[in-house]
Amino acid sequence: MKHLRLIGMIAINFVREQRWPILVLQLSVLGLAALGLLSDARDREDILITFKQLGMYGVAFSVFFGGSAIYNERRSRRILAVLGKAITRRDYLSGLLLGVALAAALFSLMLGFTGTWILCPLGFSFFYLWHLMECVVAACVMSAAVALFFSTHLNPWMSALLTGLTLGMPGALAFRFGGFWEYILPLYSLGRVFLNASFEHPGTVAGWVIPAAMIEAVILWLAASWIFDKIDVAVAVD
Amino acid sequence: MPAVLEFQDIIKDYRALFRRRTVRALDHFTLQVEEGEIFGFLGPNGAGKTTAIHLAMGFVRPTKGRGLMFGKRFGHAATRCRVGFLAENVALYHRSAENLVRFYGALNGLHGETLSRRTAEALDTVSLLHESNRNVAKFSRGMLQRIGLAQAIVHDPDLLILDEPTSALDPLARYAVREMLLDWRRRGKTIFLSSHLLSEVELVCDRIAVLNLGRVVRLGRPSDLLESREHFEVIASGIPMDGFPGAEKQPDGRIRFLASAAAQRAMIERIWTMGGEIVSVSPHKRSLEDLFLELTGSPGSERGSTQEAS
């Protein structure tokens, strides 16, 4: 219980510290709402494309948040005051990951409500819209876990580069061979459903893809915790 | 007295990724801090003081050796509940002073009424209670150091580890911190104080360690360290100045000079032979600055043991 409380505090603190980028993301979703209000039914495909784009921005921001979270804290040396308290490095890392997940959930909720308001009246299925939001949250959390894993020992640029490669490689293999590869870091599988969704054929993701993404995020979190526990946090990573 | 903090033959090397150069920050570093004392930790820049503190807090891991804090290995999270830490360069989140201290107090397990009371007490101790609603981003450097101190003491720790706690403070605030440290010692708390302010260390510390090139080069009580056994100060009257090298005349007409321990007896006999009178012979007391310079070399030189990795 004590651990959960500490993790929650770190997560909320992370969201508070990242409030401006999160706010910008939320405002971009409100921009979609404005676009919906100004358009007529003939533009509905354009609105759906914007909606998909925003979903992908959410994933990109999660990589950015995950990849820079530890780096920023180490560089500013604020990490010392936090880890100088009765908190384990694993709890600290869990808090950061939960913070990114909270930011992704806030974004997806906003996107989901805006989609319900704008897309559903134009004929998009309410059920599938929220299923797509599930896919976005899963993709965000998994991508952030990969970025967080690399950011324990690399700077944000290297971390983002390797995150892209790590997520892209299984995606390319899944695209070429399908099957088993669809479940390995399944950003491709989650993204495909999201990007292929249309008013006529909303589509769903295969049953085990979202649980597989969550399990892999947990494995990455454990690996990141193990590495983070070994390194010197008072030394810059540049 | 049980040891609160123990460094046991610790080596700490820093090596950058993809680089061959290794910097040895601590070299077979051994030290014990006992319960209830104010321990002064001195050394020039690059001597390894901050590395030793970061090891104790679990921020960095030793290359070799081990350390214990309250009997637990360095880095044991639950033990840090009993420790208050103030870093050399205070870096804190930007929010109101009260919310900031509450946040750090809560991280150490305080909550509810206790957290509120302890937050107010900590802010009051560092004279920032009237600024509790102000964002720390707008604080001066001295105020930041004080709020840093507040977050270190909010949970009433048994051990305070302070890295340069008064470097940005004005004399009045520095005096207040010194009084606070003495009060904490009276309450049985232990304080590990790293500082460049030698006069301050001399005033409050029970024991001092001087660190150079990652090793402890001198350890002991200030009175023992500052009293020289090699030189004695002789004050005499009724003798001419020119017979004693380095002698100086005091306002009351007496002659004062330093004699080495080996020459002390001969000098006394010489004064008697000349018909003079010996007023006092006492061990020569150096200043802490003299001792510091003697142990760490020429003033102003930057240190750090750099070795090429094999």
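Values in this document were obtained by computation on a predicted structure and should not be read as measured data.

Cut-offs applied
- Residues numbered from 1 in each chain as written.
- Chains lettered and ligands numbered in written order.
- Predicted model: local features only at pLDDT ≥ 70, side-chain atom pairs only at ≥ 80, totals over all residues.
- Heavy atoms only, no water.
- Helix = DSSP H or I, 4+ residues; strand = E, 2+ residues; numbered from the N terminus.
- Buried < 20%, exposed > 50% of the residue type's maximum accessible area, 1.4 Å probe, protein only.
- Contact = heavy atoms within 4.5 Å.
- Areas by Shrake-Rupley, 256 points an atom, 1.4 Å probe, with all protein chains shown as cover.
- Lys, Arg positive; Asp, Glu negative; His and termini not counted.
- Charge placed at Lys NZ, Arg CZ, Asp CG, Glu CD.
- Phe/Tyr/Trp six-rings, centres within 6.5 Å; stacked < 30°, edge-to-face > 60°.
- Pairing = 2+ DSSP bridges.
- Axes fitted to C-alpha atoms, helices over the stretch in contact; angles between N-to-C directions.
- Right-handed = clockwise from strand over helix to strand, strands pointing away.
- Buried area = accessible area lost by both parts, 1.4 Å probe.
- Salt bridge = Lys/Arg side-chain N within 4 Å of Asp/Glu carboxyl O.
- Polar contact = N/O pair within 3.5 Å; in protein donor to acceptor, adjacent residues only side chain to side chain.

1. A look at the overall build of chain B
Now for step 1: In terms of helices and strands, chain B carries nine helices and 15 strands.
Now for step 2: By its C-alpha atoms, chain B is 80 × 55 × 35 Å across when sized along the principal axes.
Now for step 3: Considering chain B as a whole, with its 310 residues, one finds that 51% of them fall into the buried category.
Now for step 4: Relative to all contacts within chain B whose residues are 6 or more apart in sequence, the contacts with residues 24 or more apart total 68%.
Now for step 5: Summed over all atoms, the accessible surface of chain B reaches about 14,500 Å², with 48% contributed by carbon and sulfur.
Now for step 6: Distance between charge centres in chain B, computed from 41 positive and 37 negative side chains, equals 7 Å.

2. Description of the packing of aromatic side chains
Now for step 1: If you walk through the whole model with that rule in mind, you get 21 aromatic pairs over all chains.
Now for step 2: Here the aromatic rings of F127 of chain A and Y128 of chain A are separated by 5.2 Å at their centres, their planes lie at 70°, and the arrangement is edge-to-face.
Now for step 3: With centroids separated by 6.1 Å and ring planes inclined at 80°, the aromatic side chains of F175 of chain A and Y188 of chain A adopt a geometry described as edge-to-face. Of this pair, F175 of chain A sits in helix α7 (residues 156-177) while Y188 of chain A sits in helix α8 (residues 187-196), placing them 13 residues apart in sequence.
Now for step 4: Judged by its relative accessible area of 63%, F175 of chain A is exposed.
Now for step 5: Every member of this aromatic cluster is reached through a ring pair, and the members are F7, F29, F39, F41, F74 and F192 of chain B.

3. As for unusual backbone geometry
Residues and elements named next belong to chain B.
Now for step 1: For F70, which is not glycine, the phi dihedral falls at a positive 50°.
Now for step 2: Secondary-structure assignment places F70 in the loop between β4 (64-69) and β5 (72-73).
Now for step 3: You will see that S127, though not glycine, has its phi angle at about 60°, which is positive.
Now for step 4: Residue placement: S127 occurs in the loop between α3 (112-125) and α4 (141-153).
Now for step 5: S127 sits in the partly exposed class, given a relative accessible area of 41%.

4. Things to note about the sheet that holds strand β11 (residues 227-237) of chain B
Residue and element names in this part refer to chain B.
Now for step 1: Spatially, β12-β13-β11-β14 is the arrangement adopted by the four strands of the open sheet, whose pairing is antiparallel. The open sheet has two edge strands, β12 (248-249) and β14 (277-285), and neither has a second partner.
Now for step 2: Sheet contacts for helix α8 (residues 264-273): β11, β13 (255-260) and β14; angle to β14, the most-contacted strand, approximately 160°.

5. Some remarks on the pairing of β4 of chain B
Residue and element names in this part refer to chain B.
Now for step 1: Strand direction decides the pairing type here: strand β1 (residues 3-15) and β4, joined by five bridges, are antiparallel. Pairing of I11 across the sheet is with K64, part of β4.
Now for step 2: Sheet topology note: the β4/β5 ladder contains two bridges and is antiparallel. The residue bridging M69 from the neighbouring strand is K72, located in β5.
Now for step 3: Between the end of β4 and the start of β5, which pair antiparallel, lie two residues, with F70 showing a positive phi angle near 50°.

6. Brief notes about the pairing of strand β8 (residues 190-194) of chain B
Residues and elements named next belong to chain B.
Now for step 1: Summarising burial for β8: five of the five residues are buried, a large majority.
Now for step 2: Along β8, one buried face is formed by T190, F192 and S194 and the opposite face, lined by I191 and L193, is buried too.
Now for step 3: In this structure, strand β3 (residues 38-42) lies alongside β8, joined through four bridges in parallel fashion. Note that in β8 the partner of G40 across the bridge is L193.
Now for step 4: With five bridges joining them, strand β7 (residues 159-163) and β8 adopt parallel strand pairing. Bridging across to β8, L160 finds its partner in I191.
Now for step 5: As a crossover connection, the stretch from β7 through helix α5 (residues 171-186) into β8 is right-handed.

7. Structural notes on the interface of chain B and chain A
Now for step 1: Chain B puts 27 residues into the contact, and the matching count from chain A is 28 residues.
Now for step 2: When residues of chain B are sorted by the area they lose upon contact with chain A, F59, Y93 and L107 of chain B head the list and together hold 27% of the total.
Now for step 3: For the interface between chain B and chain A, the tally reads three salt bridges.
Now for step 4: Note that E17 of chain A is salt-bridged to R95 of chain B, the shortest N-O span being 3.1 Å.
Now for step 5: Inspection of the chain B/chain A interface yields 16 residue pairs in polar contact (both at pLDDT 80 or more).
Now for step 6: Only β1, α1 (49-57) and α2 (97-107) of chain B provide two or more residues apiece to the side of chain B that touches chain A.

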